[in-house]
Amino acid sequence: MDITRRDLFAAGGKLLILASVGATLEQITGAAPPSEAYQAAEHWWGMIIDIDKCIGCGNCVRACSNENKVPKGYFRTWVERYEVNEGTHPEEVQPHVESPEGGINGFPPSTREDLKSFFVPKLCNHCAESPCVQVCPVGATFISPDGVVLVDQNYCLGCRYCIQACPYGCRYLHPETNTADKCTLCYHRITKGLTTACCENCPTGARLLVDFKNPKDPVHELLRANKLQVLKPYMATRAKVFYKDLDGSVR
Amino acid sequence: MRQFLRDSGHLIRPAVILLAGLGIFLAVRTAFIPKAFGEYGHYDPAALERIRARSVSYAGQDQCVLCHDEQAKARAAGKHAHVACEACHGPQASHALADDPSAHKPPLPDVANLCRRCHEKDAAKPKGFPQVVTAEHSGGALCNTCHQPHNPHL
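Here's what I pulled together on the structure shown here. Source: prediction; values computed, not measured. (Residues numbered from 1 in each chain as written. Chains lettered and ligands numbered in written order. Predicted model: local features only at pLDDT ≥ 70, side-chain atom pairs only at ≥ 80, totals over all residues. Heavy atoms only, no water.)

**Description of the overall build of chain A**
Moving on, step 1. Helix and strand counts for chain A stand at seven helices and eleven strands.
Moving on, step 2. Principal-axis analysis of the C-alpha atoms gives chain A an extent of 110 × 40 × 35 Å.
Moving on, step 3. Buried positions account for 49% of the 251 residues belonging to chain A.
Moving on, step 4. Here the contacts in chain A between residues at least 6 apart in sequence split such that 65% fall between residues at least 24 apart.
Moving on, step 5. Carbon together with sulfur atoms contributes 57% to the accessible area of chain A, which is approximately 13,100 Å² in total.
Moving on, step 6. Charged side chains of chain A number 27 positive and 28 negative; the gap between the two group centres comes to 4 Å. (Helix = DSSP H or I, 4+ residues; strand = E, 2+ residues; numbered from the N terminus. Buried < 20%, exposed > 50% of the residue type's maximum accessible area, 1.4 Å probe, protein only. Contact = heavy atoms within 4.5 Å. Areas by Shrake-Rupley, 256 points an atom, 1.4 Å probe, with all protein chains shown as cover. Lys, Arg positive; Asp, Glu negative; His and termini not counted. Charge placed at Lys NZ, Arg CZ, Asp CG, Glu CD.)

What follows is the structure, encoded as structure tokens:
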């Protein structure tokens, strides 16, 4: 049997139509995004820290260190103890701040009842206008769709610009990977429905993970009923870690 | 015509080289920049998945109470009701999420240091928090000789 050019075109045309139908079907059925339980766009994470509840036990620092395998001597969260001498002259209000090893083992007991003293836990403020993200030259650090400031270890060059840029001193260069490292707000936990390691292990509820996009979250009531403050508001970073009953001397 | 082609050769050759260069640049660019880059912003969205894939060390108290009914009830009845199990027992995901938890039996807390970290008297602690000068209070005895750790009321 002879195949003419006409036969060849006809067969080819039929195959082409079949293939394109198949491809279209595949597009329609296969391209549907896998339905995922966690929808980043439905969350906007932050934290509330209640100064009047913190007992300086260091549980949060230890928990963070264990959970995130933070290298020894580096901290993603830490606790400071402030001692404020409430003098008459504004110059005399110089707080004495200490944080032995980030408070990981608590604090040596203080007996100075004559001073106003309190603990201030600190961590990345997950700023919505974060200076650290703005200075990154390669797009290695970014704000996730749910409002968490993260670092992509695969992209980071280790140039340290972001470490310089953070007004809160929340970043460090990881000594082994030589990339910038910081609090992830336990992104691997909060996206699974768990709370952060520091909040889980805080015995007094001084730390509270909050979701500003959840209408049932206690954060809305707290914001209404209390004066909550952020650290260094004059930096206009739109920090999302709010402090309750913060003393004016805290920086 | 032939004259024109010969004369413009010096323009065509660099143009060809420029185009080839552009082609190679685009090819290399697509090879190195992840497909989804820039989907949410100037970064690789796959990083989100990589960070989410990290492992959990603290299982969370909701897990512990599933199996340890006795301790959970004792704790709920006392002042330690809001103190998470792992705040005293340390990270226990390897125990709680294991197929056979008794194969990864956690060590019991070091009571001599445990209670002190939270309850040692400190002027910086909130005034309402129960605190003691441990050395005077216990006279060197372990705290759990008198207090039950799960329900510290005597």
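That shown, we press on.
**Some details on the pairing of strand β2 (residues 77-84) of chain A**
Residues and elements named next belong to chain A.
Moving on, step 1. With eight of its eight residues buried, β2 lies for the most part within the structure.
Moving on, step 2. Strand direction decides the pairing type here: β2 and strand β3 (residues 96-98), joined by three bridges, are antiparallel. Counted as the bridge partner of R81 is E98 from β3. (Pairing = 2+ DSSP bridges.)

**Digging into the sheet that holds strand β11 (residues 241-244) of chain A**
All names here are of chain A.
Moving on, step 1. Taking strand neighbours across the sheet as the criterion, the four strands line up as β9-β1-β11-β10 in an open arrangement whose pairing is mixed. Strands with a single pairing partner mark the edges of an open sheet, and in this sheet they are β9 (207-211) and β10 (228-229).
Moving on, step 2. In this structure, strand β1 (residues 45-50) lies alongside β11, joined through four bridges in parallel fashion. Opposite M47, over in β11, you have V241 as the bridge partner.

**As for the side chain of T184 of chain A**
Moving on, step 1. Turning to its location among the elements, T184 of chain A is positioned in the loop between β8 (180-181) and α5 (187-190).
Moving on, step 2. Residues within four places of T184 of chain A in sequence aside, it is in contact with N68, R76, H126, V148 and L150 of chain A together with R54 of chain B.

**Overview of the pairing of β11 of chain A**
As a general feature of sheets, a regular strand has side chains that alternate between the two faces.
All names here are of chain A.
Moving on, step 1. Both faces of β11 are covered, namely the face carrying V241 and Y243 and the face carrying F242 and K244.
Moving on, step 2. When β10 meets β11, the two strands line up antiparallel, connected through two bridges. Pairing of L228 across the sheet is with K244, part of β11.

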